[in-house]
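A closer look at the structure
Okay, here's what each chain looks like letter by letter:
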Amino acid sequence: MSRKQRRMWLVVLAGLGLGTATALTLTAFQDNLVFFLAPSDIATKNPGPDRAFRLGGLVEAGSLQREQTADGRPEARFRVTDGPVTVPVSYVGVLPDLFREGQGVVTLGKLGLDGQFRASEVLARHDETYMPPEVADALKRSGHWDPSKGAAPPAASWNTLTPGQPAAPERSGG
């Protein structure tokens, strides 16, 4: 083998190794990349059942049901909404202390073929003034909140809002 041929094989093998490493890295990132979707986004984009993503919105008032699985673990079923669209969610595990109906929530999981979102993790909002950025974006996109016209509408009113119309002002307790 001549010196030129050895150099050529060395370049080919190095390129092959670099290409393999790049492909493996991109595959690992793709498996760990998690997208955020609001219920309205799910209705339009229809993510596949094998794709993990974050579902964010408001826990619909009156939708929380607590049960026990056959092996005694706590199971919660509730609906997450962004106003126009609602997605049923099931979660096996202990819910965060701040989890409440009418409050913002972000869940991590997969959408089943039956339309049920099976959450592996549930994150509740931090305090009464906190709103996850994803939830705020979903409210803005759906027309339920215009930040230039004031604070976000109270979470309990999200299911009754008509896009494009301002929410009724909150009454202050006195």
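Residues numbered from 1 in each chain as written. Predicted model: local features only at pLDDT ≥ 70, side-chain atom pairs only at ≥ 80, totals over all residues. Heavy atoms only, no water.

**Quick notes on the nonpolar core**
Core analysis: the largest hydrophobic core is formed by 19 residues, its most contacted members being Leu55, Phe78, Phe99, Phe117 and Val122. Put simply, the parts of the chain that give this core at least two residues each are strand E2 (52–59), strand E4 (74–81), strand E5 (86–92), strand E6 (104–111) and strand E7 (117–124). If one sorts the elements of this core by residue count, E7 sits on top with four residues. Among all residues touching Phe117, those that are not within four sequence positions of it are Phe53, Leu55, Val87, Pro88, Val89, Ser90, Thr107, Leu108, Gly109, Lys110 and Leu111. (Core = buried A, V, L, I, M, F, W, Y, C linked by side-chain atoms within 4.5 Å. Buried < 20%, exposed > 50% of the residue type's maximum accessible area, 1.4 Å probe, protein only. Helix = DSSP H or I, 4+ residues; strand = E, 2+ residues; numbered from the N terminus. Contact = heavy atoms within 4.5 Å.)

**A word on the confidence of the model for the chain**
In this model, the chain carries a mean pLDDT of 79, and residues with pLDDT of at least 70 account for 76%. Segment residues 161–174: pLDDT under 50, and 11 contacts once partners within four positions in sequence are set aside and those in other chains are kept. (pLDDT = per-residue confidence, 0-100.)

**Some details on the pattern of salt bridges**
This structure, assessed with the given rule, holds five salt bridges. Between Asp71 and Arg73 there is a salt bridge, and its shortest N-O distance comes to 3.9 Å. Exposure remark for Arg73: the relative accessible area of 46% places this residue in the partly exposed category. What emerges from the salt-bridge pattern is a single network uniting Glu67, Glu75 and Arg77. (Salt bridge = Lys/Arg side-chain N within 4 Å of Asp/Glu carboxyl O.)

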